[in-house]
Amino acid sequence: MDRTSLSERSRVLPRGALTHLVALDRPGMSGLAELLVAPDRAVSGSVEEASDDLAERLRVRGIQVHRGHGPTSVPHETSRLIYPEGISRLHPERLRAARLGAEQSTLVDAIREVSTVGDSIVVIGRRVARVAATMIGWVLIENDLDPTLILGSEIPDRLGQGRAGVGPFSVLDLPDSLWNEGVISERTKLALVLDVGDVTPLQRRGLAAMAEALPSSAILLGSSREPILREMAESTSARVERVSIDDQPTSDWWGADLRERDGRYRFRTFHEGRFRLEVGLSCHGRRYVEAALAAIAACHLLEIGSRPIREALEEYLGASRAFDMKGTYRGVTMIDDDAVEPSDVAETLALARMVYGGRRLWAVYAPRESSRVPVAGFESADHVLFVGAAPETADRPSFVDSSPSTSRRARVGYAADRDEAVRDLDRLLEPGDVLVTLGTSDTGTIADAFIRRLPRDRRAR
């Protein structure tokens, strides 16, 4: 097999050469950086000032992280610069790379290079898709297939979101900015379409172009509930297979006989009427059932047997930011989830209520944009703390009563930023509480801020 790839190319750069990535905090960039890094090659990148935890995580993996996006962020020895879509050629880092004579390419170019490494599995969608990608990666790793990965979430017990493997498969979890034909290659074996939701006209055109670009030997695998799958099926020469929960008439793969206990599920999988396997998941929530069903179908289509798939999935402990159990701090249970939309927030908090019963439930939420603060979805919480979502006023109390149209009468508070949220929570949380952080990834680091205090707290005692 021809293994020449983006990661291999870096091995033959001149001594002291370096690959630099612009905006490591943009979707797909940190996973690519982690794929590229190795003892015999150097990788650097730039981040915004606010990305403290991301910067630290990448430094631990040997990546040089530079603050800000000025020309000084690009090291003198840079031989290649990779940047995400939307970065102008007049961007300071691109101008610096041009003066250095460094090769420049987009994230799409880089992903396409990775997609030619072995047979690629391209995953498209939101929350369920991100989990399914980690599940497929986990099954491949557990079966010694050593995949190449660029993921939107971290695999449990496998730190990071990217890795360069030498096995026959690559798994590429694509952010919506990469939903276009540029990431499809002749080596694309599977394209998964899950939890896409409402799409813009531009995204619709990109998904149709992806479907048309799929080779005829590929398989388009998606949820039968996705309207966009029907449109993509009309645009492709690839074989189309559908998955669903309890929807046999319209699906090739379906999950049935779901049994729930404390938010965890056991279910059976069928393919065209034939029983394939039964699996019991260790993770909480129906999202993991939908993702596992797609992962089972994908891994079967990759010719992995039912038993190794089942054994791997039963050892899978969850993906980062997907009802992610972060640990405990002074008797407070901490969970992190990437829910942003009101329906996703409501689903996550209802799950927390089901799992933890009558314990006092805190929801800490930061929207992607301060103008899009949801007014629904928090009904299951006892306390809600919005971060960066309220106007700044000198006399604004840090915690005030609200009058929601719910019977729980949640108390609502506001914090200007993550640091203020941590200070408020440190003062207000009590043993036995459950803290659920939601929204942007920066809010997801609140639990990490508390966990870092544990050694200091033990010494103080």
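Everything below is about the structure printed above this text.
Residues numbered from 1 in each chain as written. Predicted model: local features only at pLDDT ≥ 70, side-chain atom pairs only at ≥ 80, totals over all residues. Heavy atoms only, no water.

1. Some thoughts on the overall build of the protein
Piece 1. Helix and strand content of the protein: 14 helices and 22 strands.
Piece 2. The buried share among the 461 residues of the protein stands at 57%.
Piece 3. A separation threshold of at least 6 residues defines the contact pool for the protein, and within that pool the share at least 24 residues apart is 61%.
Piece 4. Working note: accessible area of the protein is about 19800 Å², and carbon and sulfur atoms make up 48% of it. (Helix = DSSP H or I, 4+ residues; strand = E, 2+ residues; numbered from the N terminus. Buried < 20%, exposed > 50% of the residue type's maximum accessible area, 1.4 Å probe, protein only. Contact = heavy atoms within 4.5 Å. Areas by Shrake-Rupley, 256 points an atom, 1.4 Å probe, with all protein chains shown as cover.)

2. Examining helix H12 (residues 418-428)
Piece 1. Arg-418, Glu-420, Ala-421, Val-422, Asp-424 and Leu-425 are the residues of H12 that are buried.
Piece 2. Two or three places before Asp-419, at the start of H12, stands the capping residue Asp-417, its side-chain oxygen 3.3 Å from that residue's backbone nitrogen. (Polar contact = N/O pair within 3.5 Å; in protein donor to acceptor, adjacent residues only side chain to side chain.)

3. Some points on the pairing of strand E14 (residues 264-271)
Piece 1. Two strands pair when backbone bridges link them, and strand E13 (residues 253-261) and E14 are joined in this way by seven bridges, in the antiparallel orientation. Paired with Trp-253 across the bridge in E14 is His-271.
Piece 2. The loop that links E13 with its antiparallel partner E14 comprises two residues; one of these, Asp-262, has a positive phi angle of about 55°.
Piece 3. Here E14 runs beside strand E15 (residues 274-284); their pairing, made up of seven bridges, is antiparallel. (Pairing = 2+ DSSP bridges.)

4. As for the pairing of strand E17 (residues 332-336)
Piece 1. Burial runs high along E17: five of the five residues are buried.
Piece 2. Alternating residues of E17 divide into Val-332, Met-334 and Asp-336 and Thr-333 and Ile-335, and every residue in both groups is buried.
Piece 3. As paired elements, strand E16 (residues 324-329) and E17 share five bridges and run antiparallel to each other. Of the residues in E17, the one forming a bridge with Asp-324 is Asp-336.
Piece 4. From the end of E16 to the start of E17, which pair antiparallel, there are two residues, and Arg-330 there has a positive phi angle of about 50°.

5. Re the nonpolar core
Piece 1. Among the nonpolar cores identified, the biggest contains 52 residues, and Ile-121, Met-135, Ile-136, Val-171, Leu-192 and Tyr-288 are the most heavily contacted of them.
Piece 2. In this structure, Leu-192 is in contact with Ile-121, Val-122, Val-123, Ile-124, Ile-136, Leu-221, Ala-294 and Ala-298, ignoring residues within four places of it in sequence.
Piece 3. Listed in part, the 43 residues of the second largest apolar core include Ala-33, Val-114, Met-210 and Ala-218. (Core = buried A, V, L, I, M, F, W, Y, C linked by side-chain atoms within 4.5 Å.)

6. Describing the packing of aromatic side chains
Piece 1. In total, this model carries nine aromatic pairs according to the counting rule given.
Piece 2. Grouped by ring-pair contacts, the aromatic residues Tyr-365, Phe-378, Phe-386 and Tyr-414 constitute a single cluster.
Piece 3. A cation over a ring is seen here: Arg-94 above Tyr-83, with NZ or CZ 4.0 Å from the ring centre. (Phe/Tyr/Trp six-rings, centres within 6.5 Å; stacked < 30°, edge-to-face > 60°. Lys NZ or Arg CZ within 6 Å of the ring centre and 35° of its normal.)

7. Focus: the sheet that holds strand E4 (residues 78-83)
Piece 1. Spatially, five strands are ordered E3-E2-E1-E4-E5 in an open sheet, and the strand pairing comes out parallel. Every other strand in the sheet has two partners, leaving strand E3 (64-67) and strand E5 (103-106) as the edge strands with one partner each. Put simply, the sheet's adjacent strands are angled 20° from each other on average, direction ignored.
Piece 2. Pairing of E4 with E5, which is carried by four bridges, proceeds in the parallel orientation. Paired with Tyr-83 across the two strands is Thr-106, which belongs to E5. (Axes fitted to C-alpha atoms, helices over the stretch in contact; angles between N-to-C directions.)

8. A look at the side chain of Ser-120
Piece 1. Mapped onto the elements of the fold, Ser-120 is located in strand E6 (residues 119-125).
Piece 2. Separated by 3.3 Å, the side chains of Ser-120 and Thr-188 make a polar contact.
Piece 3. What Ser-120 contacts, discounting residues up to four positions off in sequence, is Ser-115, Ser-170, Leu-172, Arg-187, Thr-188, Lys-189 and Leu-190.

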